[in-house]
Amino acid sequence: MKYSGIGGQAVIEGVMMKGSGEYAVAVRKSDNDIEIKKQAYRSIRERYRMTNLPIVRGVVTFVESLITGMRTLNYSASFLEEEEKQEQEEKTEEQKKQEEKKDSILMGIMMIIAIVAAIGIFVLVPFFVSEALKKPIPSAQLRGLLEGVIRVVLFVLYVKLISLMEDIKRVFMYHGAEHKSINCVERGYELTVENVGKQTTVHKRCGTSFMLVVMFVSILFFMFISVGNIWLRMVLRLLLVPVIAGVAYEFIRFAGSHDNAVINVLSKPGLWLQKLTTAEPTDDMIEVAIASVEAVFDWREFISHIDEPEEENVEADIEVTELSDVVAGDATKVSVMTETVHDTAETAVEETASVQEQGAEDIEIVDINSDDEEDDEILNALDRYFEAPEAEAEKK
């Protein structure tokens, strides 16, 4: 799988997807149409360099996710009753602005209540239970481990109980559609209903896994950070919640972009828990998830480059390919090379012969046999000249 950078969450009868610089909410309306709201988004991390530091960025991302999640949930809930929507359209702009302010305030209050309730249930209750067992269990480390186990059990029970609600079941089905669509893209398949339906409903970057990692990280922190005063211990637990969330975020971030045996084993508990928070979606739910992805992410461009090797590897492959063609004895290339060599040799021979012929025209050719004959006549004449006086003297 290749990291795509997109993420999302399930909302009421829809899916929210967040890409680079924007997010979109796709909701299935009562008339079966899909309504899509797209909005620009700029994280605090893009404006302040300090918020990109490890651990800090996890806290910032967690808070921003809560705010965005509450906002998109409120938006999706506005489609539950068509009458409310018609009344909203009939209102003046000023009335709409006033209601938006009220909704923002209400959303803030609800978010604060949700955070306080979560801290009370999953932090303070396990803490007080472990403190109540101080006498039978004097070891602080053992009580810290017990506190963590109680926290995990409470969280799993909470998820299991809310999954029994009919409305929550549908949200979990949309949650499965969200995961399936992201898995489809990151595995390099075209984003179709058929391809998405074949994918798994679990994903390593899921918020459910994040919450479970928070539980396990808190066990490690609270087992070894211990002070004598009970109230100071409680305050430390509250103050360490953002730090624990930051550490958990770093793990989820790393696990989501890496795939090896160790990471897969460490991610297993979160994937198991996702079996409770996700369910198999219907085709119409998958259509909503696909619409949300396409609103913020160019998946066609992404999958077209998903199998491309790095630039250095491409150059190496080209070189190896050219070498293998020669070593393997590519008949076509070898024959062409041979013909080229022969043509070159024949051309050289022809040029040499042409030079020789051209040189022969410029050089005077001497007849060696005729010169010998002339030399013989001169020598015979000299012999006769010198022999003649001797012959006359003998006669006398």
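Residues numbered from 1 in each chain as written. Predicted model: local features only at pLDDT ≥ 70, side-chain atom pairs only at ≥ 80, totals over all residues. Heavy atoms only, no water.

Trainee: How should I be thinking about the overall build of the protein in this particular structure?
Mentor: Helix and strand counts for the protein stand at 14 helices and four strands. Counting across all 396 residues of the protein, residues that qualify as buried make up 31%. (Helix = DSSP H or I, 4+ residues; strand = E, 2+ residues; numbered from the N terminus. Buried < 20%, exposed > 50% of the residue type's maximum accessible area, 1.4 Å probe, protein only.)

Trainee: Hey, could you run me through the packing of aromatic side chains in this one?
Mentor: Two measures describe an aromatic ring pair: the distance that separates the ring centres and the angle between the ring planes. A complete count under the given rule lists seven aromatic pairs for this structure. Where Tyr23 meets Tyr41, the ring centres are 6.3 Å apart and the plane angle is 75°; that geometry is what we call edge-to-face. Of this pair, Tyr23 sits in strand β3 (residues 22-28) while Tyr41 sits in the loop between β4 (34-40) and α1 (56-77), and the two are 18 residues apart along the sequence. For the pair shown, Tyr23 and Tyr41 are each scored as buried. Geometrically, the ring pair formed by Phe62 and Phe210 is tilted, given 5.5 Å between the ring centres and 35° between the ring planes. (Phe/Tyr/Trp six-rings, centres within 6.5 Å; stacked < 30°, edge-to-face > 60°.)

Trainee: Before we go on, may I ask you to explain helix α10 (residues 283-296) in this structure?
Mentor: Residues spaced three or four apart along an α-helix face the same direction, because each turn holds 3.6 residues. Compared with an ideal rise of 1.5 Å per residue, which puts 14 residues at 20 Å, α10 spans 21 Å between its outermost C-alpha atoms and is within 8% of the ideal. Most of α10 is tucked away, with 10 of its 14 residues classed as buried. Within the sequence span of α10, burial applies to Met285, Ile286, Val288, Ala289, Ile290, Ala291, Ser292, Val293, Ala295 and Val296. Contacts from the buried residues of α10 go to β2 (14-18), β3, β4, α5 (166-186) and α6 (193-197). (Expected span 1.5 Å × (residues − 1). Contact = heavy atoms within 4.5 Å.)

Trainee: Can you walk me through the environment of Gln141 in this structure?
Mentor: Along the chain, Gln141 falls in helix α4 (residues 140-162). Looking at Gln141, the relative accessible area reads 36%, which means it is partly exposed.

Trainee: In this structure, what is going on with the sheet that holds strand β1 (residues 7-11)? I would like to understand it.
Mentor: Strands belonging to one sheet form pairs held by backbone hydrogen bonds; the direction of such a pair is parallel or antiparallel. In spatial order, the strands read β1-β2-β3-β4; together these four strands make up an open sheet with antiparallel pairing. Every interior strand has two partners, whereas the edge strands, β1 and β4, have only one. Across this sheet, the average inter-strand angle for adjacent strands is 15°, counted without regard to direction. With five bridges connecting them, β2 and β3 associate as antiparallel partners. Directly across from Met17, in β3, lies its bridge partner Ala24. Contacts between α5 and the sheet are confined to β1, β2 and β3, with β1 contributing the most and set at about 160° to the helix. (Pairing = 2+ DSSP bridges. Axes fitted to C-alpha atoms, helices over the stretch in contact; angles between N-to-C directions.)

Trainee: Is there a simple way to explain the pattern of salt bridges in this structure?
Mentor: For side chains of opposite charge, pairing can occur when their charged atoms come near one another. The final tally for this structure, using the stated rule, is 12 salt bridges. Taken together, the shared-partner salt bridges connect Glu147, Arg151 and Arg237 into one network. (Salt bridge = Lys/Arg side-chain N within 4 Å of Asp/Glu carboxyl O.)

Trainee: Can you help me understand the packing of α5 against α10 in this one?
Mentor: Packed helix pairs are specified by the crossing angle of their axes together with the interaxial distance, meaning the distance between the axes. Interhelical geometry of α5 versus α10 gives an angle of 50° and a closest axis separation of 9 Å. Between α5 and α10, the interaxial angle falls into the category oblique. Like other packed secondary-structure pairs, α5 and α10 cross with a definite hand, here right-handed. Contacts from Arg170, Met173, Tyr174, Ala177, Glu178 and Ser181 of α5 reach α10 at Met285, Ile286, Val288, Ala289 and Val293. (Parallel < 35°, antiparallel > 145°, perpendicular 65-115°, else oblique. Left-handed = near helix turned anticlockwise from the far one by under 90°.)

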